[in-house]
Amino acid sequence: MSIDFESPGTFTVGGKAVRRLGFGAMSLTGPGVWGPPRDHDEAVRVLRRAVELGVELIDTADSYGPYVNEELIREALHPYPERLLIATKAGFVRPRPGQWEPVGRPAYLRQEVEMSLRRLGVDRIDLLQLHRIDPAVPLEDQVGELGALRDEGKIGSVGLSEVSVEELERARRVVEIATVQNRYNLTLRVSEGVLEHCEKEGIGFIPYSPIAKGRLAEPGGPVDHVAQAVGATPAQVSLAWLLARSPVTMPIPGTSTVAHLEENLAASAVSLTAEQVRELG
């Protein structure tokens, strides 16, 4: 299968230009983002096929599994291609399936970065994102520790996840912020202002849940008429809209099967007219 990745263009993170349609690896864990994937071999195939098809951004986190996701990425892809950027996250723990808790103590963040380095098998993490701001710890202390790790050469760039414009600007007064990862898609626009601010400031915006956990891919949904007009699936149109929405967006659709992966990545070849983008948006 041949996929044209040229139309969505690239975005540069920490000096590395990566194609904007990436892959979110969270789906390659067990139910509730807990434990190993149901089909380990297929999960490995998904990761290898993603890179084979030109994906240059893979998003993961220490809490996916927990730890399982990072270990799986290393098993499938190490030694990593030079062009590949692996973004991981710390600061959001999984005490049990379906439960998440922020932990932003600087010593803990440092520990998790050190462990992610080991699990991924790298000397430096390309992009380390604070998974959530811990309200019990000053934000400046949390991003300050990540900045210290960057200065030590253990992190290439620092990112944030699920933040407001005000929180982003507070963090930027402490350390340079390369990316923001917030939930955003055609039907969920709460982070519209954050995206606009990122575009203005030249910060990458990584919309997670880009097809609303599959709801936008359902026949008869809000993008179905455009999908029929352009000869694409609703999921592909949803991703193409995100790519057209702003030059700083880097969607990271996830899946646990090669077939679905190939369908998602084919969105890079879907061309929407300005009128269609406005109609959807």
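Residues numbered from 1 in each chain as written. Predicted model: local features only at pLDDT ≥ 70, side-chain atom pairs only at ≥ 80, totals over all residues. Heavy atoms only, no water.

Caption draft 1: Examining the nonpolar core more closely. Grouped together as the largest cluster of nonpolar side chains are 82 residues, with contacts concentrated most on Phe23, Leu47, Ile58, Ile73, Leu77, Leu146 and Leu272. When near neighbours in sequence (up to four residues on either side) are disregarded, Leu272 contacts Val226, Val230, Val237, Ala240, Trp241, Val277 and Leu280. (Core = buried A, V, L, I, M, F, W, Y, C linked by side-chain atoms within 4.5 Å. Buried < 20%, exposed > 50% of the residue type's maximum accessible area, 1.4 Å probe, protein only. Contact = heavy atoms within 4.5 Å.)

Caption draft 2: Molecular detail of helix H2 (residues 68–77). Most of H2 sits out of view: seven of its ten residues are buried. Taken as a whole, H2 has its buried residues at Val68, Asn69, Glu70, Leu72, Ile73, Ala76 and Leu77. (Helix = DSSP H or I, 4+ residues; strand = E, 2+ residues; numbered from the N terminus.)

Caption draft 3: Region of interest: the side chain of Arg94. Here Arg94 shows up in the loop between strand E6 (92–93) and strand E7 (101–102). Here Arg94 is buried and forms no salt bridge, its nearest opposite-charge partner Asp62 lying at an N-O distance of 9.2 Å. Each residue touching Arg94, except ones within four places of it in the same chain, is listed here: Gly32, Val33, Trp34, Ser63, Pro66, Gln99 and Trp100. (Lys, Arg positive; Asp, Glu negative; His and termini not counted. Salt bridge = Lys/Arg side-chain N within 4 Å of Asp/Glu carboxyl O.)

Caption draft 4: Region of interest: helix H8 (residues 234–245). Spanning twelve residues, H8 covers 16 Å between terminal C-alpha atoms, matching the ideal 16 Å at 1.5 Å per step. Most of H8 sits inside the fold, with ten of its twelve residues counted as buried. The set of residues buried in H8 consists of Pro234, Ala235, Gln236, Val237, Ser238, Leu239, Ala240, Trp241, Leu242 and Leu243. If you follow the buried residues of H8, they end up packed against strand E11 (204–208), helix H7 (224–230), helix H9 (258–265) and helix H10 (274–280). (Expected span 1.5 Å × (residues − 1).)

Caption draft 5: Structural context of the sheet that holds strand E4 (residues 57–59). Strand order in the open sheet formed by seven strands is E3-E4-E5-E8-E9-E10-E11, with parallel pairing between adjacent strands. In this open sheet, the two strands that pair with only one neighbour each are strand E3 (23–24) and E11. One ladder, built from three bridges, connects strand E9 (residues 155–161) with strand E10 (residues 179–183); its direction is parallel. In the sheet register, Leu160 faces E10, and the bridge partner there is Val180. (Pairing = 2+ DSSP bridges.)

Caption draft 6: Structural context of the packing of helix H1 (residues 40–52) against H2. At a closest axis distance of 9 Å, the pairing of H1 and H2 adopts a crossing angle of 65°. Helix-helix and strand crossings are classified by hand; for H1 and H2 the assignment is right-handed. Across from His40, Ala43, Val44, Leu47, Arg48 and Val51 in H1, the residues of H2 making contact are Leu72, Ile73, Glu75, Ala76 and Leu77. (Axes fitted to C-alpha atoms, helices over the stretch in contact; angles between N-to-C directions. Left-handed = near helix turned anticlockwise from the far one by under 90°.)

Caption draft 7: Seen up close, the pattern of salt bridges. Considering all chains together, one arrives at 19 salt bridges under this definition. Ionic pairing is found between Glu262 and Arg49, a salt bridge with its closest N-O pair at 2.7 Å. Of the two residues, Glu262 is situated in helix H9 and Arg49 in helix H1; the sequence distance between them amounts to 213 residues. Comparing Glu262 with Arg49, the two get one shared label, buried. The salt bridge involving Glu201 is made with Arg172; its shortest N-O contact spans 3.2 Å. With a gap of 29 residues between them, Glu201 in helix H6 (residues 192–201) and Arg172 in helix H5 (residues 165–172) connect regions that are remote in the sequence. Classification of Arg172 by relative accessible area gives partly exposed; the value is 30%. Connected through salt bridges with shared partners, the residues Arg110, Glu114, Glu145, Glu152 and Lys154 form a single ionic network.

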